[in-house]
Amino acid sequence: MSAAAQSYSTSWDDYYMGVQASQFRFDPELNDYSDARPNVLSLSVGQQLNRNIAVEARLGFGVADDELIYTAGNNGAMAAEADTAVDYAVSVLVKPQANLTDQLSLYALAGWSRAELTVGDESSADSGLSVGAGLSVNTTSELAFYVDWLSLIDEDPGRLSSINVGMLYRF
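Below or above, wherever it landed, is the structure these notes cover. Model, not experiment: these values are computed from the prediction.

1. Things to note about the overall build of the chain
- Counting secondary structure elements, the chain contains one helix and nine strands.
- Its helices and strands in sequence order give the chain the pattern α-β-β-β-β-β-β-β-β-β, from N to C terminus.
- Burial status across the chain gives 31% buried among its 171 residues.
- Here the analysis covers contacts within the chain between residues at least 6 apart in sequence; of these, 55% occur between residues at least 24 apart.
- When the accessible area of the chain is evaluated, it comes to approximately 9600 Å², of which 58% is carbon and sulfur surface.

Next comes the structure, spelled out in structure tokens:
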């Protein structure tokens, strides 16, 4: 193989897959409504472009719903409630990283997300710019554990964010 062909060959060492458990937070940004916190299980795939930047895609599906509660009046009495679930969430993210040590890194997340929520009998999907940050701990050269926060959508009818705990395997 020529030197030029070798420089363009792709190594599986640059790719990774992961799984994460997430607690999403849907904040309807309306007075008298509580936040709903459904749970999601996600898979991720990514490529480490260089030591300080990666690109990543995440796809998640709801595994547990929560109640969105409407309270009326000054006494805080519950007037209505609705099951709230994440049907799916997908994100495409750029992941700049600061490697603090060989085992520990801080990272930012920026990109685009789309999610579909069901509140009661109504489903709606929305998409928007996403930002977040996280911390990753490498236990071996192949295995890492992480925790991060991601603001997926910040538009009407409300904000959607998530706290994520996951594991990555590098090929």
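2. Looking at the environment of W149
- Relative to the assigned elements, W149 resides in strand β8 (residues 143–155).
- The partly exposed category is assigned to W149, whose relative accessible area is 38%.
- Through-space distance from the C-alpha of W149 to that of S22 is 9.4 Å; in sequence the pair is 127 residues apart.
- Once you skip the residues sitting within four places of it in the chain, W149 turns out to touch L109, V131, G132, A133, S161, S162 and I163.

3. Focus: the pairing of strand β1 (residues 15–27)
- Of the pairings in the sheet, the one linking β1 to strand β2 (residues 39–50) comprises nine bridges and is antiparallel in character. Considered in β2, the bridge of G18 is made with S44.
- Here twelve bridges tie β1 to strand β9 (residues 158–170), and the two strands are oriented antiparallel to one another. Along β9, the bridge assignment pairs D27 with R159.

4. Things to note about the environment of L117
- Tracing the sequence through the fold places L117 in strand β6 (residues 104–119).
- Judged by its relative accessible area of 10%, L117 falls in the buried class.
- The contacts of L117, once residues within four sequence positions are left out, are F26, A85, V86, D87, E122, S123, S124 and L160.

5. Some remarks on the layout of surface pockets
- Of the voids in this model, the largest pocket is the one considered here, and its volume is about 420 Å³.
- Lining the largest pocket are 21 residues, and of these Q48, Q97, N99, N138 and R170 sit closest to its centre.
- When contributions to the lining of the largest pocket are tallied by element, the ones reaching two or more residues are β1, β2, β5 (77–99), β6, β7 (122–138) and β9.
- Top element by residues in the lining of the largest pocket is β5. It accounts for three residues.
- A class-by-class count of the residues in the lining of the largest pocket yields five nonpolar, nine polar and seven charged.
- Quantified by volume, the second largest pocket comes out at close to 290 Å³.
- Lining the second largest pocket are 19 residues, with F26, L117, V119, S124 and P157 sitting closest to its centre.
- Those elements that provide at least two residues to the lining of the second largest pocket are β6, β7, β8 and β9.
- In the lining of the second largest pocket, the residues fall into twelve nonpolar, two polar and five charged.

6. Some thoughts on the nonpolar core
- The biggest cluster of nonpolar side chains holds 21 residues, and the ones touching the most others in it are F24, V86, A89, L152 and L160.
- For this core, the elements supplying multiple residues, two or more each, are β1, β5, β6, β8 and β9.
- A total of five residues in this core trace back to one element, the largest contributor, which is β8.

The rules behind each value
- Throughout, residues of each chain are indexed from 1 in the direction in which the sequence is written.
- Totals for whole chains, interfaces and linings use all residues, but because this is a predicted model, local features are given only for residues with pLDDT of at least 70 and pairs of side-chain atoms are given and counted only at 80 or more.
- Only hydrogens and water are set aside; all other atoms, that is, all heavy atoms of the structure, feed into the side-chain values.
- Strands here mean DSSP runs of E at least two residues long; helices mean DSSP runs of H or I at least four residues long; both are numbered from the N terminus.
- Buried residues are those whose accessible area, probed at 1.4 Å on protein chains only, stays under 20% of the maximum for their type, while exposed residues exceed 50% and partly exposed ones sit between those limits.
- Residues are treated as being in contact if the distance between any of their heavy atoms lies within 4.5 Å.
- Per-residue accessibility takes into account occlusion by the displayed protein chains alone, with areas from the Shrake-Rupley method and a 1.4 Å probe.
- We call two strands paired when DSSP finds no fewer than two bridges between them.
- Whether a set of points on the 1 Å grid over the protein atoms alone is a cavity depends on a 1.4 Å probe fitting there but being unable to get out, while an open set qualifies as a pocket with protein on both sides within 12 Å along at least five of seven lines; lining residues are those with an atom within 4 Å of a point.
- Grid points are joined across faces, edges and corners, and a volume is the space filled by probe spheres set on the points.
- Gly counts as polar in this scheme, as do all residues outside two lists: the nonpolar Ala, Val, Leu, Ile, Met, Phe, Trp, Tyr, Cys and Pro, and the charged Asp, Glu, Lys and Arg.
- The term nonpolar core refers to a set of buried residues drawn from Ala, Val, Leu, Ile, Met, Phe, Trp, Tyr and Cys, joined through side-chain atoms within 4.5 Å.

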